[in-house]
Amino acid sequence: MAHDDHVPHVVAWNLTRRCNLECAHCYISAGPHESAEGDLRTDECLRITAEILAVNPAPLFILSGGEPLLRDDLETIASFATSRGATVVVGTNGTLLTDARIASLKAAGVTGVAVSVDSLDAHRHDAFRHGIGALEATSAAIGRLREQRLDFIVQTMVTRRTRSELGQLVTWAAERGAVAFNAYFLVATGRGARLSDLTPAEYESALGELVEHQRHHLGRMMVRAKCAPHFMRLVHQLDPTSPVLAYSTRCPCGTQYCRITPDGHVTPCPYIPTAAGDLRAQSFAEIWREARLFRDLRGEASLGGRCGRCEYRAVCGGCRARALALEGNVMAEDPSRRTGWRRRSRGYFAGRPTPKRGSRASRRSCAMSWRVGWRSMRRREASTRSRLT
């Protein structure tokens, strides 16, 4: 395989397991009991950043935790990356976002912040996050982000308890000026393994609702499903003129996306705990290009079960993390996809060309699907909306 066939366009970086909250779904079981022992030092973070930039000179870094705002060197890392051509966004629970910290992040070149809101009911949100007053603090932080004109997205975890609030959360995010709304679907890792997931039929219903929300908010706020790549199948079936389809891509884990753990291990995505390599012992380029786990994930033909036979496998492929968590095999069938799948046939995807994995179109697709607040995407959606109305 040629070294440039797959490019790490998005790198999610868990900078610490420390957190001021203890969320029920946290995939790395972060919390107040964790310490900084074992976390990568500042100099190690800068070295790794430089190694990633040597492989891709313009990646997107998602700096998260735990709670990344607990690291005093967050701005140092962000500034180092942005000054060398990277785009940097921060994922936070929002409770520690003061005016001063927002200004500091902007000065470091951070272009967006992802803030988590799981329920508009304070008791339910605070209980889920294990922090009294969490919703109030996060809501206030969103107001400060808007006042300081720093793009933000609202993220929520879709569970059986909060499924009925999905539409209200989308509307709430739009009213507050979010550039995107991301609905995450449960992957049973970390503390999330204790939660009850949606059934396949409930997945289908929730994703279908998200398709309607993305159509309604077209040109104003992006609405996306995360850890549920079969969202693309439903967009195609329910809204075939959507500009989202111009950026269709299969789950990008290990192909255009990876995660770095607080202690420097590289995994295909945050929800796959299996390490492909150790950045304290190997270079990023070596791990990205040579690790067996990544090479397995780049082999489309090896998808198992219905995922391997479905006509949408090139633009969906199922969630690899969920397959590992529930089936014990990263290449197995995604159990959440057991409704709505279609056997592969000639001329699939309604004649729409499907980007080859690793191609320029596919790489652009991944970047556009994951980047926060891209002005060009919003202009494109607005233009499409004006033509349709």
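Residues numbered from 1 in each chain as written. Predicted model: local features only at pLDDT ≥ 70, side-chain atom pairs only at ≥ 80, totals over all residues. Heavy atoms only, no water.

## With respect to helix α3 (residues 99-107)
So, point 1. Taken together, the buried positions of α3 are R101, I102 and L105. Down the axis of α3, the smallest arc covering the buried residues is 100°, so these residues share one side. Turned more than 90 degrees from where α3 packs its buried face, A100 and A107 sit exposed.
So, point 2. Lining the buried residues of α3 we find α2 (74-82), β3 (87-92) and α5 (134-147).
So, point 3. In the stretch just after α3, G109 is the one whose phi turns positive, near 95°. (Buried < 20%, exposed > 50% of the residue type's maximum accessible area, 1.4 Å probe, protein only. Helix = DSSP H or I, 4+ residues; strand = E, 2+ residues; numbered from the N terminus. Arc of directions from axis to C-beta. Contact = heavy atoms within 4.5 Å.)

## Focus on the pairing of strand β1 (residues 10-14)
So, point 1. In terms of burial, β1 is largely enclosed, as five of its five residues are buried.
So, point 2. Read from β1 through helix α1 (residues 42-55) to strand β2 (residues 60-64), the crossover connection turns out right-handed.
So, point 3. Sheet topology places β1 next to strand β8 (residues 257-260); four bridges connect them, and they run parallel. Paired with V11 across the two strands is C258, which belongs to β8. (Right-handed = clockwise from strand over helix to strand, strands pointing away. Pairing = 2+ DSSP bridges.)

## Looking at unusual backbone geometry
So, point 1. A cis amide bond links G65 with the next residue in sequence, G66, at an omega value of 15°.
So, point 2. You can see G66 is positioned in the loop between β2 and α2.
So, point 3. If you check the backbone angles, S29 has positive phi at about 50° while not being a glycine.
So, point 4. Structurally, the position occupied by S29 is in the loop between β1 and α1.

## Here's the deal with the sheet that holds strand β6 (residues 180-185)
So, point 1. Across the sheet, 10 strands lie side by side as β7-β6-β5-β4-β3-β2-β1-β8-β9-β10; this open sheet has mixed pairing. For this open sheet the edge positions go to β7 (222-226) and β10 (277-278), each flanked by a neighbour on one side alone.
So, point 2. Direction of pairing for strand β5 (residues 152-158) relative to β6: parallel, over a ladder of six bridges. The partner of V154 across the bridge, within β6, is F181.
So, point 3. On top of the sheet, α1 reaches β1, β2 and β8; it is set at about 170° to β1, its chief contact.
So, point 4. Contacts from helix α7 (residues 200-216) reach β6 and β7 within the one sheet, and its direction differs from that of β6 by about 175°. (Axes fitted to C-alpha atoms, helices over the stretch in contact; angles between N-to-C directions.)

## Here's the deal with the pairing of β6
So, point 1. Taken across its six residues, β6 has six buried, putting it largely inside the fold.
So, point 2. Both faces of β6 are covered, namely the face carrying A180, N182 and Y184 and the face carrying F181, A183 and F185.
So, point 3. Between the parallel pair β5 and β6, the chain is carried across by helix α6 (residues 166-175), and the sense of this crossover is right-handed.
So, point 4. Where β6 lies against β7, five bridges are found, and the strand directions are parallel. Pairing of N182 across the sheet is with R224, part of β7.

## As for the packing of α7 against helix α8 (residues 231-238)
So, point 1. Contact geometry of α7 with α8 gives a least axis separation of 9 Å together with a crossing angle of 60°. As summarised for this structure, α7 and α8 are arranged oblique, according to the angle between their axes. Here the hand of the crossing between α7 and α8 comes out right-handed. Side by side, α7 and α8 meet where E204, L207, G208, L210, V211, Q214 and R215 of the first sit next to F231, R233, L234, V235 and L238 of the second.
So, point 2. A breakdown of the residues in the contact of α7 with α8 according to their chemical character gives seven nonpolar, two polar and three charged. (Parallel < 35°, antiparallel > 145°, perpendicular 65-115°, else oblique. Left-handed = near helix turned anticlockwise from the far one by under 90°. Nonpolar A, V, L, I, M, F, W, Y, C, P; charged D, E, K, R; others polar.)

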